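Single-letter residue listing:
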Amino acid sequence: MNRYQYIPSVDELLQHESLRGFRTELPPDFVVAMLRHAVQKLRDAITAGLDLSSRDQATELILEALNKNAEVMRAGSLKRVINATGVVLHTNLGRAPISKAALQAINELASGYCNLEYDIEEGKRGSRYQHVEALLCRLCGSEAALVVNNNAAAVLLALNTMAQGREVIVSRGQLIEIGGAFRIPDVMAASGATLVEVGTTNKTYSGDFARAINPNTALLFAAHTSNYRIVGFTSETSLAELVELGQKQRIPVMQDLGSGIIMSLAQWGLSDEPTVQSSLESGVDVVSFSGDKLLGGPQAGILLGKKEYIDAFKSNQLTRALRVDKLTIAALEATLMEYEQGKPFENIPVMRMLSADTEVLQNRAARLLDGIQQRLQANYDGIESSIVPLGDMVGGGAYPTKEINGWGVALRFPEGWLEKVSSGLRRAIPAVVSRKQDNCLLFSVRTIEDDEVESLAEAIDSAIAESVKNG
């Protein structure tokens, strides 16, 4: 049977009564383009095995797809999400939520002009980097600083500037890959530098680096393995050893920290991540890290270190292609000022979440449970709800083996309900993403703000009601 014959023509679809609003609201050519796209999606579905049985069914599916596309067009595809996973730096959910001060700075500067590259005192052209460089240097103890659009860009720029056409020595155990298939060997190749691997996966010594040094060696490179751990029979060249060797051989040393924390979380049981300050104090020449991970700011790649190298990065033509805009600078400056004023644990969401104590989390979980139970109707008798201890995660490639003791709410459903409720929560406004485990949905409150508790309880009630309605 030729199921494609049930597909109506675009001309026929344009006459459908339900498209009257589209025809008056949107340009005709655009409506036609959306219809053709929806028709092609249906053709693809038939090819993949869709059992189409009538022209009415085909028309309904096309119009349904058209309406979904129109909703995305009107509201945009980027939507707010309540993160109930307990993963603080959730890459798929945008990593670090920025502070209120950073949001205010963006709002103030986005709607008008600003002195991005204008020196108000001198009345002449200035540099966009001057707004955060002094702050970064004061906070981290660096001679100079540069901000680009993400940490991958920072590594690429540094390698291209310091080692293009020459060799960079790296421990084989540090040839990392992070999310999105960003790999040290690949970025090394893109920079124009030649990678030289030394040591083995589990053991690399200072002597391995020393034996690999030759007249074409431009850089000794250390990558902090923030998103994995090699345990057991292991040995890795310390940063101090690498710096000592570099100074002896007059070869610069760079460390990619990845997450990049500038204030210790040791008192909350998170002590494995080196601070940016400790890396610089070791004598390393250049350090790179992300702005939207443990720093708690906007997406950015931050380069700190010796002035001669940072100045060289600024002069590289790649810098213009990798530079940050006024909104990133505004948010980053506001974030850094929270550190300078001594209030990161109060005002920066990431730091507040990671330092939240048990009492705060239990009280928030109790509020959420109460909000859910007040809304659950009598015909939801099959649902069990309770406060439970959870293992939360830092995320973003930091502390990969470390669980943080957390709290949340567990909802156990009758058979067949879990996926329906979970799907309904993802379609909610705002959308809700949680954990699934043993026919339960788990809602960690570490990553839920206090002003999101009521919205979350309402979304859960609505998703359950929808599941009951649809059987």
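This write-up is about the structure you can find in this document. Quantities reported herein were computed from a predicted structural model and do not represent experimental measurements.

Conventions and cut-offs
Residues numbered from 1 in each chain as written. Predicted model: local features only at pLDDT ≥ 70, side-chain atom pairs only at ≥ 80, totals over all residues. Heavy atoms only, no water. Helix = DSSP H or I, 4+ residues; strand = E, 2+ residues; numbered from the N terminus. Contact = heavy atoms within 4.5 Å. Lys, Arg positive; Asp, Glu negative; His and termini not counted. Charge placed at Lys NZ, Arg CZ, Asp CG, Glu CD. Pairing = 2+ DSSP bridges. Axes fitted to C-alpha atoms, helices over the stretch in contact; angles between N-to-C directions. Expected span 1.5 Å × (residues − 1). Buried < 20%, exposed > 50% of the residue type's maximum accessible area, 1.4 Å probe, protein only. Polar contact = N/O pair within 3.5 Å; in protein donor to acceptor, adjacent residues only side chain to side chain. Core = buried A, V, L, I, M, F, W, Y, C linked by side-chain atoms within 4.5 Å. Arc of directions from axis to C-beta. Salt bridge = Lys/Arg side-chain N within 4 Å of Asp/Glu carboxyl O. Parallel < 35°, antiparallel > 145°, perpendicular 65-115°, else oblique. Nonpolar A, V, L, I, M, F, W, Y, C, P; charged D, E, K, R; others polar.

### Notes on the overall build of the protein chain
Right, on to step 1. The secondary structure content of the protein chain amounts to 19 helices and 18 strands.
Right, on to step 2. With the C-alpha coordinates of the protein chain rotated into their principal frame, the extents come out at 80 × 55 × 55 Å.
Right, on to step 3. Within the protein chain, residue pairs in contact and separated by at least 24 positions form 74% of the contacts whose partners lie at least 6 positions apart.
Right, on to step 4. Considering the protein chain, the positive charge centre built from 46 side chains and the negative charge centre built from 57 side chains are found 4 Å apart.

### Things to note about the sheet that holds strand β6 (residues 167-171)
Right, on to step 1. Spatially, β5-β13-β12-β11-β10-β6-β9 is the arrangement adopted by the seven strands of the open sheet, whose pairing is mixed. Looking along the sheet, the strands with just one partner apiece sit at the ends: β5 (144-148) and β9 (194-198). Across the sheet, the mean angle separating the axes of adjacent strands is 25 degrees when strand polarity is ignored.
Right, on to step 2. In the sheet, strand β11 (residues 253-258) pairs with strand β12 (residues 286-290) via four bridges, with the strands oriented parallel. Within β12, the residue paired with Asp256 across the bridge is Ser288.
Right, on to step 3. This element, helix α8 (residues 184-191), spans β6, β9, β10 (217-223) and β11 of the sheet and lies at about 145 degrees to β9.

### Notes on helix α7 (residues 151-163)
Because each turn of an α-helix spans 3.6 residues, side chains separated by three or four positions end up pointing in the same direction.
Right, on to step 1. Between its first and last C-alpha atoms α7 spans 18 Å; for 13 residues at 1.5 Å apiece the expected length is 18 Å, and the two agree.
Right, on to step 2. Within α7, 11 of the 13 residues are buried, which leaves it mostly tucked inside the rest of the structure.
Right, on to step 3. Among all positions in α7, only Asn151, Ala153, Ala154, Val155, Leu156, Leu157, Ala158, Leu159, Asn160, Met162 and Ala163 are buried.
Right, on to step 4. Among the residues of α7, the N-terminal cap falls to Asn150, whose side-chain oxygen and the backbone nitrogen of Ala152 are separated by 3.3 Å.
Right, on to step 5. Positive phi appears at Gly165, one or two residues downstream of α7, with a value of about 80 degrees.

### Here's the deal with the nonpolar core
Right, on to step 1. Judged by nonpolar contacts, the single largest core of 55 residues is most densely connected at Leu220, Val276, Leu304, Leu354 and Val394.
Right, on to step 2. If sequence neighbours within four positions are ignored, Leu304 has contacts with Leu136, Cys140, Ser142, Ala144, Ala145, Val276, Leu280, Asp285, Val286, Val287, Phe289 and Ile310.
Right, on to step 3. Within the second largest apolar cluster, 31 residues are counted, among which are Ala356, Leu361, Leu441 and Ile448.

### Digging into helix α12 (residues 307-315)
Right, on to step 1. For α12, the full list of buried residues reads Tyr309, Ile310 and Phe313. Along the long axis of α12, the arc covered by the buried residues comes to 100 degrees, so they all point the same way. Of the exposed residues in α12, those oriented more than 90 degrees away from the buried face are Glu308 and Ser315.
Right, on to step 2. Where α12 is buried, its residues contact β5, α7, β12, β13 (301-305) and α13 (318-322).

### Here's the deal with the pattern of salt bridges
Right, on to step 1. Evaluation of the coordinates by the stated rule reveals 20 salt bridges.
Right, on to step 2. With its nearest N and O atoms 3.0 Å apart, the salt bridge here joins Lys314 to Glu133. A residue pair is termed long-range when its members are at least 10 positions apart, and Lys314 in helix α12 and Glu133 in helix α6 (residues 130-140) qualify at 181 residues.
Right, on to step 3. In this structure, the salt-bridge partner of Asp450 is Arg367, at a minimum N-O distance of 3.8 Å. With Asp450 in the loop between β18 (440-444) and α19 (453-469) and Arg367 in helix α17 (residues 358-375), this pair connects stretches of sequence that are 83 residues apart.

### So, the sheet that holds β18
Within a sheet, adjacent strands bond to each other through the backbone by hydrogen bonds, running parallel or antiparallel.
Right, on to step 1. The five strands lie next to each other as β2-β14-β15-β18-β17, forming an open sheet whose pairing is mixed. Edge strands, defined here as strands with exactly one partner in the open sheet, are β2 (87-89) and β17 (435-437). Between one strand and the next, the sheet's axes are offset by a mean angle of 40 degrees, whatever the strand orientation.
Right, on to step 2. With nine bridges connecting them, strand β14 (residues 384-395) and strand β15 (residues 404-412) associate as antiparallel partners. Considered in β15, the bridge of Ile387 is made with Val409.

### Quick word on the pairing of β18
Right, on to step 1. Of all five residues making up β18, five are buried, and the element is well covered by its neighbours.
Right, on to step 2. Residues Cys440, Leu442 and Ser444 line one face of β18 and the alternating positions Leu441 and Phe443 line the opposite face, and both faces are buried.
Right, on to step 3. Here β15 runs beside β18; their pairing, made up of five bridges, is antiparallel. When the bridges of β18 are listed, Arg412 appears paired with Cys440.
Right, on to step 4. With three bridges joining them, β17 and β18 adopt antiparallel strand pairing.

### A word on the environment of Ile372
Right, on to step 1. Along the chain, Ile372 falls in helix α17.
Right, on to step 2. When the C-alpha atoms of Ile372 and Ala457 are compared, they prove to be 5.0 Å apart, with 85 residues separating the residues in sequence.
Right, on to step 3. With near-sequence residues (within four places) excluded, Ile372 lies in contact with Val409, Leu411, Ala457 and Ile460.

### Brief notes about unusual backbone geometry
Right, on to step 1. Cis peptide bonds are those with omega within 30 degrees of zero, and the linkage from Ile429 to Pro430 qualifies with -5 degrees.
Right, on to step 2. Of note in the backbone geometry, Arg95 takes a positive phi value of approximately 55 degrees without being a glycine.
Right, on to step 3. Position of Arg95 relative to the elements: it lies in the loop between β2 and α5 (100-110).
Right, on to step 4. Its relative accessible area of 22% is what places Arg95 among the partly exposed residues.

### A few points about the packing of α7 against α12
Right, on to step 1. For the pair α7 and α12, interaxial distance at closest approach is 9 Å and the crossing angle is 105 degrees. What the angle tells us is that α7 and α12 run roughly perpendicular. Here Leu157, Ala158, Thr161 and Met162 of α7 come into contact with α12, specifically with Tyr309, Ala312 and Phe313.
Right, on to step 2. For the contact of α7 with α12, the class distribution of residues is six nonpolar, one polar and no charged.

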